[in-house]
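Examination of the molecular architecture
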Amino acid sequence: MIAIGVSAGGMRALSHILPAFPEGFPMAIVIVQHVRCDAGDLMASVLEVHTVLPIKEADEKEPIHAGHMYIAPAGYHLLVEPDRTFSLSVDAKVNYARPSIDVLFESAADVYGEQLVGVILTGANTDGSKGLRRVAEYGGLTVVQDPESAEVDQMPRAALATAPVDHVVSLKEIGSFLVKLGGRDPR
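Read on for an overview of the structure. Given the structure is predicted, the values throughout are model-derived calculations rather than measurements.

Some remarks on the pairing of strand 8 (residues 141-145)
Within strand 8, 5 of the 5 residues are buried, which leaves it mostly tucked inside the rest of the structure. Along strand 8, one buried face is formed by Leu-141, Val-143 and Gln-145 and the opposite face, lined by Thr-142 and Val-144, is buried too. Strand direction decides the pairing type here: strand 7 (residues 117-120) and strand 8, joined by 4 bridges, are parallel. Looking at the pairing, Gly-118 lines up with Thr-142 of strand 8. On the question of chirality, the crossover connecting strand 7 to the parallel strand 8 by way of helix 4 (residues 129-137) is right-handed. Of the pairings in the sheet, the one linking strand 8 to strand 9 (residues 167-169) comprises 3 bridges and is parallel in character.

Written out as structure tokens, the structure reads:
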């Protein structure tokens, strides 16, 4: 699984990254974008023009499939369960956000371990940095957008200061970098 966390500037960043993923990509891609609770399910319809992969909001108890993109619904934390399904939570906000990147990353690390790639992109807070540290602790691969290429650099900088990071990649290169992983360990 590739878990992507993004906040301010995220739609622009995702519109650069998502076109790189080819049909039949061998990993699931799960995205937490900080959005307002009343945003509805607009994000999937906006992003679907940028990818050939099926993309949708994640549903409660939905099985996670390789070659699909899932988006955390507005107003819900998205968690990965041990049976590799999603669960949704309305627990308190984490880092002022629901959905929270930390919540997804920590639960995904517990389930996927070294088969997880955690990616932090542009954003204006520190959400995701603790979750990325958990990804590293469980043997997963950690990737952070080069802060110089981020529309808002606070989230990438917080991740770099908090977690062991395997790769720092510019926005221009991150899509092709993730595609090259294709399930292999690039360390």
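Back to the text.
Remarks on unusual backbone geometry
Following Arg-98, the chain continues into Pro-99 via a peptide bond in cis, with omega recorded as 20°. Considering the arrangement of structural elements, one finds Pro-99 in the loop between strand 6 (86-89) and helix 3 (101-112). Of note in the backbone geometry, Lys-61 takes a positive phi value of approximately 65° without being a glycine. Residue position: Lys-61 is located in the loop between strand 3 (55-57) and strand 4 (69-71).

Concerning helix 4
Of the positions making up helix 4, those classed as buried are Ser-129, Gly-131, Leu-132 and Val-135. Taken down its axis, helix 4 places every buried residue within 160° of arc, on the same side. Considering only its buried residues, helix 4 is in contact with helix 3, strand 7, strand 8 and helix 5 (154-162). Positioned one or two residues after helix 4, Gly-139 has a phi angle of 90°, which is positive.

Some points on the side chain of Thr-51
Looking at where Thr-51 falls in the secondary structure, it is placed in the loop between helix 2 (42-47) and strand 3. Polar contacts involving the side chain of Thr-51 include one to the main-chain amide nitrogen of Leu-53, which spans 3.0 Å. Leave out the neighbours within four places in its chain, and Thr-51 touches Leu-18 and Met-69.

Structural notes on the packing of helix 1 (residues 10-17) against helix 6 (residues 171-181)
The angle between the axes and the distance between the axes are what describe a pair of packed helices. With their axes 8 Å apart at the nearest point, helix 1 and helix 6 run at an angle of 50° to one another. With respect to helix 6, the axis of helix 1 lies oblique. The chirality of how helix 1 crosses helix 6 is right-handed. Residue-level contacts link Arg-12, Ala-13, His-16 and Ile-17 of helix 1 to Leu-171, Ile-174, Gly-175 and Leu-178 of helix 6.

So, how was this worked out
Numbers given for residues are sequential positions, taken from 1 along each chain in its written order. With the structure being a predicted model, the display of local features is reserved for residues of pLDDT at least 70 and the display and counting of side-chain atom pairs for 80 or more, all residues being used for whole-chain, interface and lining totals. Hydrogens and water are ignored here; the side-chain numbers use all heavy atoms of the structure. Residue burial is assigned from relative accessible area. The probe radius is 1.4 Å, only protein chains are included, and a residue is buried under 20% of its type maximum, exposed over 50%, and partly exposed in between. Elements are defined by DSSP. Helices are runs of H or I of four residues or more, strands are runs of E of two residues or more, and each kind is numbered from the N terminus. Paired strands are those between which DSSP finds at least two bridges. Convention used here: a crossover is right-handed provided that the path from the first strand, over the helix, to the second strand proceeds clockwise when the strands point away from the viewer. The directions considered for the arc are those from the helix axis to the C-beta atoms. By definition, residues are in contact when any of their heavy atoms lie within 4.5 Å. Within 3.5 Å is the distance limit for a polar contact, defined as a pair of N or O atoms, with the added protein rule that one can donate a hydrogen and the other accept it, and that residues adjacent in sequence qualify only through two side-chain atoms. Axis definition: a line fitted to C-alpha atoms, limited for helices to the stretch in contact. Angles are taken between N-to-C directions and run from 0 to 180 degrees. Each angle is binned into one of four classes, with values under 35 degrees roughly parallel, values over 145 roughly antiparallel, values of 65 to 115 roughly perpendicular, and all other values oblique. If you view the pair so one helix is near and one far, a crossing is left-handed when the near helix is turned anticlockwise from the far one by less than a right angle, and right-handed when it is turned clockwise.

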